[in-house]
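# What the coordinates show
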Amino acid sequence: MAELITQEIGSFRKPSYLASRFRSLKSSEFLNLAKRATIETIELYEKSGLMNIGVGGEMFRWEMYEHPVSRINGIKVFGPVRSFDNRYYNKGSVVDDISRASSFHLDELEVLKESGRKNIKIPITGPYTLMDWSFNDHYNKREELALAFGKLINEEIRELKAAWGNETLQVQIDEPAATTHPDEMEIVRESVNESVKGIDGIETHIHVCYSRDYGLLFKIIPSLEISVYNLEFANRDPTSIEGEREGYANVQRFIEAAESSTRKISLGLGVTDVHIDFIEPPQLIRNRIEYALKFIDPARLRINPDCGLRTRSREVGFEKLKNMVIARNEVLKAL
Amino acid sequence: MKLISLLYGIYPRSESLRKAYGKWEKGKISSIEISDKIREESAIFYDLTKEANLDYFTDPLFNWYDLIRPVALSIEGITLGPLTRYKETNTFYREPIIGETGKLNKIDEFREIDANPPLPMFHKDHSKSYLYFLPGINSFIKMSSLRTDALNLRQKLKDIYLEMVGRLKMERLLIYEPFESENFEIYDDLIDATSLFLVVTGKSGKFTSGRKKKFVSIISDDPYTFNEFCEIPGLRIVDAQTTRIDGDILLKVKDLSDNFDRLIVANTESFDFLPRSIADKKLFSFKGGE
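As the structure is a computational prediction, the values presented were derived from the model and not from experiment.

## Section: the overall build of chain A
Check the secondary structure of chain A and you find eleven helices and nine strands. The C-alpha atoms of chain A give a radius of gyration of 19 Å, which matches the 20 Å a tight globule of 335 residues would have. Within the span of chain A, comprising 335 residues, buried residues form 62% of the whole. Counting contacts in chain A only where the partners sit at least 6 residues apart, residues at least 24 apart contribute 76% of the total. Approximately 12,800 Å² of chain A is accessible, and the part contributed by carbon and sulfur atoms is 47%.

## A closer look at the sheet that holds strand E7 (residues 228–231) of chain A
Sheet strands associate in pairs through backbone hydrogen bonding, adopting either a parallel or an antiparallel arrangement. Residues and elements named next belong to chain A. Read from one edge to the other, the open sheet built from six strands follows the order E3-E5-E6-E7-E8-E9, with strand pairing classed as parallel. Strand pairing shows two members of the sheet lacking a second neighbour, strand E3 (121–125) and strand E9 (301–304), which therefore form its edges. Across the sheet, the mean angle separating the axes of adjacent strands is 25° when strand polarity is ignored. In this sheet, E7 lies alongside strand E6 (residues 202–208) in parallel orientation, the contact comprising four bridges. Among the inter-strand pairings, Ile 206 is bridged to a residue of E7, identified as Tyr 229.

## With respect to the confidence of the model for chain B
Interpretation of the predicted coordinates at a detailed level should be avoided for regions scoring low in pLDDT. When pLDDT is averaged along chain B, the result is 92; 96% of the residues meet or exceed 70. We note a pTM of 0.84 for the whole complex and an ipTM of 0.91 for its interfaces.

## Structural notes on the pairing of strand E12 (residues 230–238) of chain B
All names here are of chain B. The buried count for E12 comes to eight of nine residues, which makes it a mostly enclosed element. Pairing of strand E11 (residues 215–220) with E12 involves five bridges; the strand directions are parallel. Bridging from a neighbouring strand, Phe 215 pairs with Cys 230 of E12. Across four bridges, the pairing between E12 and strand E13 (residues 262–267) is parallel. Across the sheet, residue Val 238 finds its bridge partner in E13, namely Asn 267.

## Let's talk about the environment of Arg 36 of chain A
Positionally, Arg 36 of chain A belongs in helix H2 (residues 27–48). In this structure the C-alpha to C-alpha distance between Arg 36 of chain A and Leu 160 of chain A, which are 124 residues apart in sequence, comes to 21 Å.

## Brief notes about the pattern of salt bridges
Scanning the entire structure with this criterion turns up 45 salt bridges over all chains. As a salt-bridge pair, Glu 203 of chain A and Arg 302 of chain A come within 3.2 Å of each other at their nearest N and O atoms. Of the two residues, Glu 203 of chain A is situated in strand E6 and Arg 302 of chain A in strand E9; the sequence distance between them amounts to 99 residues. A salt bridge links Glu 41 of chain B to Lys 37 of chain B, with the nearest nitrogen and oxygen atoms 3.3 Å apart. Of this pair, Glu 41 of chain B and Lys 37 of chain B both sit in helix H2 (residues 31–51), four residues apart, which is roughly one turn of that helix. Taken as a pair, Glu 41 of chain B and Lys 37 of chain B share a single burial class, namely buried.

## Focus on the interface of chain A and chain B
Listed per partner, the contact involves 28 residues of chain A and 32 residues of chain B. The junction of chain A with chain B conceals about 2,600 Å² of combined surface from both sides, 45% of it contributed by carbon and sulfur atoms. Its largest share of buried area at the contact with chain B, chain A owes to Arg 82, Asn 86 and Arg 212 of chain A, together 25% of the area lost on that side. Viewed at the interface, chain B and chain A are joined by 18 residue pairs in polar contact (both at pLDDT 80 or more). Counting only elements with at least two residues in the side of chain A that touches chain B, the list comes to strand E1 (72–84) and strand E2 (87–100) of chain A. Class assignment for the residues of the side of chain A that touches chain B results in 13 nonpolar, eight polar and seven charged.

## Section: helix H5 (residues 150–167) of chain B
Residues three or four positions apart in an α-helix share a direction because the helix packs 3.6 residues into each turn. Residue and element names in this part refer to chain B. Given a rise of 1.5 Å per residue, 18 residues ought to cover 26 Å, and the 25 Å separating the end C-alpha atoms of H5 matches this to within 8%. Taken together, the buried positions of H5 are occupied by Leu 153, Arg 154, Leu 157, Lys 158, Ile 160, Tyr 161, Met 164 and Val 165. The buried residues of H5 occupy an angular sector of 165° when projected down its axis, which confines them to one face. With its phi angle positive at about 50°, Lys 169 sits one or two positions after the end of H5.

## Let's talk about unusual backbone geometry
Residue and element names in this part refer to chain B. Residue Pro 120 is bonded to the preceding Leu 119 through a cis peptide linkage, with omega at 25°. Within the secondary structure, Pro 120 is located in the loop between strand E6 (116–119) and strand E7 (130–135). You will see that Leu 61, though not glycine, has its phi angle at about 60°, which is positive. On the secondary structure map, Leu 61 appears in the loop between strand E2 (56–58) and helix H3 (69–72). Of note, Lys 169 is a non-glycine position whose phi angle comes to about 50°, a positive value. Within the element layout of this structure, Lys 169 appears in the loop between H5 and strand E9 (172–176). The exposed category is assigned to Lys 169, whose relative accessible area is 66%.

## A few points about the side chain of Thr 180 of chain A
Within the secondary structure layout, Thr 180 of chain A lies in the loop between strand E5 (169–174) and helix H7 (185–196). The buried category is assigned to Thr 180 of chain A, whose relative accessible area is 6%. At 2.7 Å, the side chain of Thr 180 of chain A and the backbone oxygen of Ala 177 of chain A are in polar contact. With residues near it in sequence (within four places) discarded, Thr 180 of chain A still touches Tyr 128 and Asp 132 of chain A together with Arg 85, Glu 88 and Thr 89 of chain B.

## Brief notes about the nonpolar core
Residue and element names in this part refer to chain A. In this structure, Ile 98, Tyr 229, Leu 231, Phe 254, Leu 269, Ile 289 and Leu 301 are the most contacted members of the largest nonpolar core, which totals 105 residues. Among the elements that take part in this core, helix H6 (residues 142–164) stands out by supplying ten residues, more than any other. Setting aside chain neighbours within four positions, we find Leu 301 in contact with Leu 4, Ile 5, Leu 267, Leu 269, Ile 289, Ala 292, Leu 293 and Ile 296.

Rules behind the numbers
Residues numbered from 1 in each chain as written. Chains lettered and ligands numbered in written order. Predicted model: local features only at pLDDT ≥ 70, side-chain atom pairs only at ≥ 80, totals over all residues. Heavy atoms only, no water. Helix = DSSP H or I, 4+ residues; strand = E, 2+ residues; numbered from the N terminus. Rg over C-alpha atoms; globule rule 2.2 N^0.38 Å. Buried < 20%, exposed > 50% of the residue type's maximum accessible area, 1.4 Å probe, protein only. Contact = heavy atoms within 4.5 Å. Areas by Shrake-Rupley, 256 points an atom, 1.4 Å probe, with all protein chains shown as cover. Pairing = 2+ DSSP bridges. Axes fitted to C-alpha atoms, helices over the stretch in contact; angles between N-to-C directions. pLDDT = per-residue confidence, 0-100. Salt bridge = Lys/Arg side-chain N within 4 Å of Asp/Glu carboxyl O. Buried area = accessible area lost by both parts, 1.4 Å probe. Polar contact = N/O pair within 3.5 Å; in protein donor to acceptor, adjacent residues only side chain to side chain. Nonpolar A, V, L, I, M, F, W, Y, C, P; charged D, E, K, R; others polar. Expected span 1.5 Å × (residues − 1). Arc of directions from axis to C-beta. Core = buried A, V, L, I, M, F, W, Y, C linked by side-chain atoms within 4.5 Å.

Structure, rendered in structure tokens:
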């Protein structure tokens, strides 16, 4: 098995020809431009040396929450709410029983299939996050809504898997909200497991970022149906090359939790910060990887940015990925 | 029982202001232009509060990129750290990194600062309903990464807040503690300096009595606990976490009427957690059913 697989997490900055007209394009024109942007982004990834290309930067999606929610019946959007600074997302209000109106990601998958690439990973916004980021004006309990989202995601993954064929499909459940309510980890566990329940032929990933306490997630690892944990670390690590890698203190805790599971579990290590333009030099990234390797076998370590790179320009995003690949290659050589 | 309505915290920006910020961030409009726009939007907001007959409202804080940033960036010795999740929400703030704090910079005139739209910190309305707003000192410290002694810092922040009150001649100030806090003696001098409203979160116990003056109001989830420390008890009741419009606030507070002559009804959190269209409707619901 390949060691230290490099992968991206999901989003990448859209080219201006798509971003500037994203909401106003007619469907056929949108499809053409989103396809073009996907292929261009994949080519950029390939130029950087990235091994797993995800879905080519989520060019079909404006935003990770709005995209699925706009394809679900029973949700009304009254307008955007702030995420940070001047960044907003359209927060939906659940006003009725929810059901899928159409597939969330089939169009994206078809483009990847047509391109002949196999090294893909499909990010899907997770049920707990969808629940937590929505106004619940209909279901009696938060767990009911999370489970209802879990069922919809299960349907979606089944449809994607059927379209993909026999080969293993990597699916990444994005759960940035997973640890935001410490007393709701049972809801996270149940709803995520519901999302992948009974589906064969998939490799399950989860992506969590900017958690105030990853320990909450680590506690439920043994009972989660997840094989790869793609987590953010670089954002909390100093950018100086020297010194202890204090942002990576959770790696050891992760390994301890993973070893208590009967499942073979891997870690996706966030090595570049997606919220700053600073291009981490290969030596810094290398130090971060080597720090993690003190605790984890290289076959169980994947290398990725902290989160989607959509917040950076395409040029900065490319440079960050390129250095990530260089660092990975140097580490591998030295192993 | 007389209901008194009060809206505090960051108010959601209009689409027009969001777009203007987008242009400003890309350098397509100048800091002076965005500053004019903020002033314009603040005036529109004040008109709306009057139409809704709100008794008190804080500055809408349209140029605050988060609940603490303009304050953090106005004090020497504080820099911005990583993006950090605000409580259990999908909203993030930049964590202040606090070293040895120095002087308070200018806050009351146009000034460009890093990582935030330009100051002034407030765009005042001249009515008696207007409240200045500051984040609670206890929460400010909890939300920061400290490279200095917390006890000492608390005293320094108190002095800086007093200086702000003096410089801006704040007649009425609302302080919001979004995190559960214990140390409220820190506000004793501020109570003497201005008419002080305090919003507390959770149990926030350990109040001590014996002050000469009281808070004008302590707004909490439990007005009974804080009643003896303020002139008018306050209740956080207008829900900022649902898009449903509450039409029966009066019914919900009816049980309190045996114990209180007056009650401030306030929002549970900044309306910034709501879409603007819903927030504008909720403004009219503070005394729903009256």
